[in-house]
Amino acid sequence: MMVRSTIEPKTLADHRWARFFTYGLTVALFAHSTSASESPDFERDIGPLLIRHCLECHNDNAETGGLSLSSHERLRQGGDNGLILLDKSLVDSPLLQRVLAGEMPPPKDDEPTSITPQEIDLLKRWVTAGANWPNERVLDPYEQTTDARAGRDWWSLQPIVRPDMPTQQGTDLSGNPIDAFIRRGLAKRDWKPAPPTDRRTLLRRVTYDLIGLPPTLDEYAAFEQDESPAAYEHVVDRLLASPHFGERWGRYWLDLVRYADTCGYERDQEKTNAWKYRDWVIQAINDDMPYDQFVLAQLAGDELPDRDESTVIATGFLRLGTWNDEPNDPQEYKFERLEDMVHATSTAFLGLTVKCARCHDHKFDPIPQTDYYRMASAFWAGHIEPRDRAHLGGPSADELGFNVFGWTDRGRDVPPLHLLKNGDAKHPGPVVEPGQLTAVSFLDTSISPPPEDAATTHRRLQLAHWITDTRNPLTARVLVNRLWQHHFGKGLVRTPNNFGFNGDEPTHPELLDWLANELMHSSGQETRDKSQEPFATSQQPIAISQKPWTLKRLHKLIAMSKTYQQSSNHPHHEQYTATDPGNHLWWRAERRRLDADAMRDSLLVASGQLDLTPGGPGFKPSIDPEALEGLSKKGAAWQASPTEEQRRRSIYTYLQRSLLPPLLTVFDQQDTTLPCGRRDVTTVAPQALALMNNAFVHEQSRVLATRIAEQVTSLDEQIQLAWQHVLSRDPSESEHIAALAHVQSQTTRFQQSAEETEAPSLMALTSLCHVLMNTNEFLYVD
């Protein structure tokens, strides 16, 4: 099959992704529709055949054996071994004979040649009929998708068209558009969504999703008691207005742009003021900055007409990658830096692996090698030369105009950029002019010279405008998929950084396009929630912008959907899992473990120590001496911040590439060297061992136990408070009995130990708190 079919139940006949069903089936049908006496049609039969089997090696850019099959002229010209069409005896032509002999297309991995008997018959009849070729028709290896690679007709490269809202007889599709698309798919299988989850579970889910922190005991009580229809909507509005919203969602963006505070490599120098970029991201998200402005600032904030310190800070995006101050070959290393910028940009904003075309044409996507260098030219004018070592491979504060960690060009005139043969700096090829990706064929791909009064090339600014053009089919699709992923645990496209041939197709392509269209266009006037605020009635009604490219309205749309609010348990779980184990139809919610940041923050919340101070330089957490043994400087390589500074949210952790905090890395903290669109989620023994033995976890247990012991003296009350602080509820009767037995047993054990210095009762209570912090209820969100 050429492309994995989407699981949304929709007939292929009316699905606009249907043209990517199976190439082999299509060829077979065409072969049967062409009678044995009829010459095959070039556009229907022969062109696709040549594109699929021949043009990868035999095109005008890759003339293997000196042969190109891109045009009639080149076909007739032949290759290094002579003519491949013999007019005197067409049936004996080398083109046909090598195919009949099974030599072409060349077999791969000891498998038979991929061309089918039906295709061979088509080719034979075409050749013997004179190999007719339409006038001036030039075949392009990227014009059509095959079973081996994507063409420019690939689904993610097609224009975004707002689909009509689904209608389904006998199914309630009114209300939230998300539910309309999801429930149409379920209805076609005669499936039902999971029932709504309980209010407590819903509050925990939406609070962690939007701000990355657990609800307080008072918030649980208020929500469970509020019976007004607008109670949940008010919770969503309150969380979207929280300053912690930007901290939670900023973390996802920082993963994507390979954020760290140091350069990596042996010396791993500090990237001075890199934290200002982190704070800019958080503030931009809290301010609901339109995404097109968000992109423009990061790629070309220094080239904007209204540039200021904040937009220049945003260009720090381009400098966040690793940097080696002593590369083996400085001239070659600058191309490594160029690749990092191309990869970060194309991955984060476009969901394409453009860097794979540095050495050759992309093997799977319609990205020729020249396109890699067209995009790279946008960054070629920057400070990538080896002589730029003084400022860690970037511009100085004087060149930026502000004392920040940012990016700008060396000037408006730069030397030409050459295509590198096999990506090797020692073998430059022809000059490649600046431009955009040709995969999006209906958008202008040219780049204009800079204005006469410009100090920079303005290439990055033009790239940013091309990316944020509402006609660009990738940008909005990629972004709304990222939002969906972080709300539901998986994206509509399960490969968030790859919308190309090797990525997954969307489970619900029309829903993806509807959300992408909704993102780019205004939803009308700003709306206000006028219902009573159950948690802080003195607050003013919260306004959410409805302007184009703003994101909070989409967050709210998702959170308010019945699909989002359904339970993770389903009465027909076994039946549905048998045919849809990956939950592609979204028939239930996903149970998810807290990520490393949310887990650490939750431990601090439970102990009552979380410091919510925003912004500023990051803190260095304490690291066990054993983790420093492998470093050349050992203890001198890491100086932990004062204890009180380490109580801040995890997003403010100082990330040193050569020494990431072990407690976070064991729980799948992101790789800081490459764009991370989705963290790994593993379940391994070291995670349990870390929660049992890590000094930070023990400290939170001890602090909480001490706090409880100071508040109440009754063991029954202490147990109740422990449950309330860690799990935000009271223990059940059976839990209370088990806790009593545990504390009494541990107290006796500690009394018999001569090594312990603290009161046995306090140590036993600490043990209970530690147990609760290791429960699935604490670590997972349903």
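Remember, predicted model here, so these are calculated numbers, not experimental data.

**Student:** Give a detailed account of the overall build of the protein, specifying residues and quantitative values.
**Tutor:** When you go through the protein residue by residue, the secondary structure sums to 30 helices and six strands. A burial count over the protein gives 57% of its 782 residues as buried. Split by element, the accessible area of the protein, about 33,700 Å² in all, is 51% carbon and sulfur.

**Student:** Quick rundown of empty space enclosed by the protein? Include the residues and the values.
**Tutor:** Enumeration according to the criterion identifies five cavities of 30 Å³ or more in this entry. Taken together, R205, H487, F488, Y564, N583, W586, R588, A589, E590 and R592 make up the full set of residues lining the largest cavity. Split by residue class, the lining of the largest cavity holds four nonpolar, two polar and four charged. In this structure, the second largest cavity encloses a volume near 70 Å³. Lining the second largest cavity are G212, E247, R248, R251, D597, A598, D601, R649, S650 and I651.

**Student:** Which residues make up the confidence of the model for the protein, and what values go with them?
**Tutor:** Summary statistics for the protein give a mean pLDDT of 89 and a share of 90% for residues scoring 70 or more. Confidence over residues 1-33 falls short of pLDDT 50; this stretch has 78 contacts with residues more than four positions distant or in other chains. Below pLDDT 50 for its whole length, residues 524-541 participates in 34 contacts with residues either more than four positions away or in separate chains.

**Student:** Go over helix α5 (residues 117-128) with me, naming the residues and quoting the values.
**Tutor:** With 12 residues, α5 should reach 16 Å at 1.5 Å per residue; the first-to-last C-alpha distance of 16 Å fits that figure. Along α5, the positions that sit buried rather than exposed are E119, L122, L123, R125, W126 and V127. The first or second residue beyond α5 is G130, which carries a positive phi of 110°.

**Student:** How would you explain the pattern of salt bridges if you had to name every residue and give the values?
**Tutor:** If you walk through the whole model with that rule in mind, you get 48 salt bridges. Between R76 and D87 there is a salt bridge, with the nearest N and O atoms lying 2.5 Å from each other. Here the residue R76 occupies a position in helix α3 (residues 72-77), and D87 occupies one in the loop between α3 and α4 (94-100), the gap between them amounting to 11 residues. K556 is the partner of D237 in a salt bridge, and the nearest nitrogen-oxygen pair spans 3.0 Å. With D237 in helix α9 (residues 231-240) and K556 in helix α20 (residues 552-559), this residue pair connects regions lying 319 residues apart in the sequence.

**Student:** Just give me the short version of the environment of H573, but keep the residues and values in it.
**Tutor:** Among the secondary structure elements, H573 is positioned in helix α22 (residues 573-579). Along the sequence, H573 and R588 sit 15 residues apart, while their C-alpha atoms lie 8.7 Å from each other. Among residues more than four places away in sequence, those in contact with H573 are W587 and R588.

**Student:** Explain the packing of aromatic side chains to me, using residue names and the numbers behind them.
**Tutor:** In total, this model carries 28 aromatic pairs according to the counting rule given. Relative to F501, the ring of W154 lies with its centre 5.6 Å away and its plane at 50°, an arrangement referred to as tilted. In this pair, W154 is assigned in the loop between α5 and α6 (177-188) and F501 in the loop between α18 (475-488) and α19 (509-520), connecting sequence segments 347 residues apart. This pair shows no difference in class: W154 is buried, exactly as F501 is. Among the aromatic residues, ring-to-ring pairing joins W253, Y277, W280, Y291, F294, F317, F349 and W549 into one connected group. Here the guanidinium or amino end of R189 rests over the ring plane of W191, the centre of that ring lying 5.1 Å away. Sitting above the plane of the Y652 ring, R648 keeps its charged end 4.4 Å from the centroid.

**Student:** An account of unusual backbone geometry is requested, with residue identities and associated values reported.
**Tutor:** A cis geometry characterises the amide bond from M104 onward to P105, with omega recorded as -10°. The phi angle at A131 is positive, at roughly 50°, despite the residue not being glycine. Judged by its relative accessible area of 0%, A131 is buried. The residue L392 is not glycine, and still its phi comes out positive at about 55°.

**Student:** Can you tell me about the packing of helix α25 (residues 685-693) against helix α26 (residues 695-711), naming the residues and giving the values?
**Tutor:** It is the contact of α25 with α26, at a shortest axis distance of 5 Å, that shows an interaxial angle of 45°. One element, α25, and the other, α26, form an angle in the oblique class. Taking contact as the criterion, the partners of A690, L691, M692 and N693 in α25 are, on α26, A695, V697 and H698. Of the residues contributing to the contact of α25 with α26, the split by class is five nonpolar, two polar and no charged.

**Student:** Let's hear about the environment of N176: which residues, and what values?
**Tutor:** Relative to the helices and strands, N176 resides in the loop between α5 and α6. Along the sequence, N176 and M560 sit 384 residues apart, while their C-alpha atoms lie 7.7 Å from each other. For N176, the residues in contact, after removing those within four places along its chain, are L557, M560 and S561. A distance of 2.9 Å separates a polar side-chain atom of N176 from the backbone nitrogen of I178.

**Student:** Give me helix α11 (residues 274-286): which residues, what numbers.
**Tutor:** Under the 1.5 Å per step criterion, the end-to-end length of α11 is 19 Å for 13 residues, consistent within 8% with the ideal 18 Å. Here α11 lies mainly inside the structure; 11 of its 13 residues are buried. Residues of α11 that are buried: A274, K276, Y277, R278, D279, W280, V281, I282, A284, I285 and N286. Next to the buried residues of α11 lie α10 (243-256), α12 (291-300), α13 (309-314) and α20. Downstream of α11 by a residue or two, D288 has a phi angle that is positive, lying close to 55°.

**Student:** Describe the environment of G615, and please don't skip the residues or the numbers.
**Tutor:** Among the structural elements, G615 can be located in the loop between α23 (596-607) and α24 (662-665). For the pair formed by G615 and Y652, sequence separation is 37 residues and the distance between their alpha carbons is 7.3 Å. Ignoring anything within four residues of it in the chain, the contact list for G615 reads R278, D279, R648 and Y652.

**Student:** Hey, could you go over the packing of helix α14 (residues 330-350) against α18 for me, with residue numbers and the actual values?
**Tutor:** Pairs of packed helices are described in terms of their axes, by the angle between the two and the distance that separates them. The contact between α14 and α18 brings their axes to 7 Å, and the two run at 75°. In terms of orientation, α14 lies roughly perpendicular with respect to α18. Of the residues in α18, those touching α14 at T347, A348, F349 and L350 are T475, V478 and R482.

**Student:** I'd like a description of the nonpolar core, backed by residues and values.
**Tutor:** W253, Y277, F349, F379 and W484 are the most contacted members of the largest nonpolar core, which totals 170 residues. Setting aside chain neighbours within four positions, we find W484 in contact with I178, I182, G489, K490, G491, L492, L511, L515, I558 and W586. By size, the runner-up hydrophobic cluster in this structure holds 24 residues, among which are F42, I51, L122 and V127.

Rules used throughout
- Residues numbered from 1 in each chain as written.
- Predicted model: local features only at pLDDT ≥ 70, side-chain atom pairs only at ≥ 80, totals over all residues.
- Heavy atoms only, no water.
- Helix = DSSP H or I, 4+ residues; strand = E, 2+ residues; numbered from the N terminus.
- Buried < 20%, exposed > 50% of the residue type's maximum accessible area, 1.4 Å probe, protein only.
- Areas by Shrake-Rupley, 256 points an atom, 1.4 Å probe, with all protein chains shown as cover.
- 1 Å grid on protein atoms, 1.4 Å probe; cavity = no way out; pocket = protein on both sides within 12 Å on 5 of 7 lines; lining within 4 Å.
- Points joined across faces, edges and corners; volume = space filled by probe spheres on them.
- Nonpolar A, V, L, I, M, F, W, Y, C, P; charged D, E, K, R; others polar.
- pLDDT = per-residue confidence, 0-100.
- Contact = heavy atoms within 4.5 Å.
- Expected span 1.5 Å × (residues − 1).
- Salt bridge = Lys/Arg side-chain N within 4 Å of Asp/Glu carboxyl O.
- Phe/Tyr/Trp six-rings, centres within 6.5 Å; stacked < 30°, edge-to-face > 60°.
- Lys NZ or Arg CZ within 6 Å of the ring centre and 35° of its normal.
- Axes fitted to C-alpha atoms, helices over the stretch in contact; angles between N-to-C directions.
- Parallel < 35°, antiparallel > 145°, perpendicular 65-115°, else oblique.
- Polar contact = N/O pair within 3.5 Å; in protein donor to acceptor, adjacent residues only side chain to side chain.
- Core = buried A, V, L, I, M, F, W, Y, C linked by side-chain atoms within 4.5 Å.

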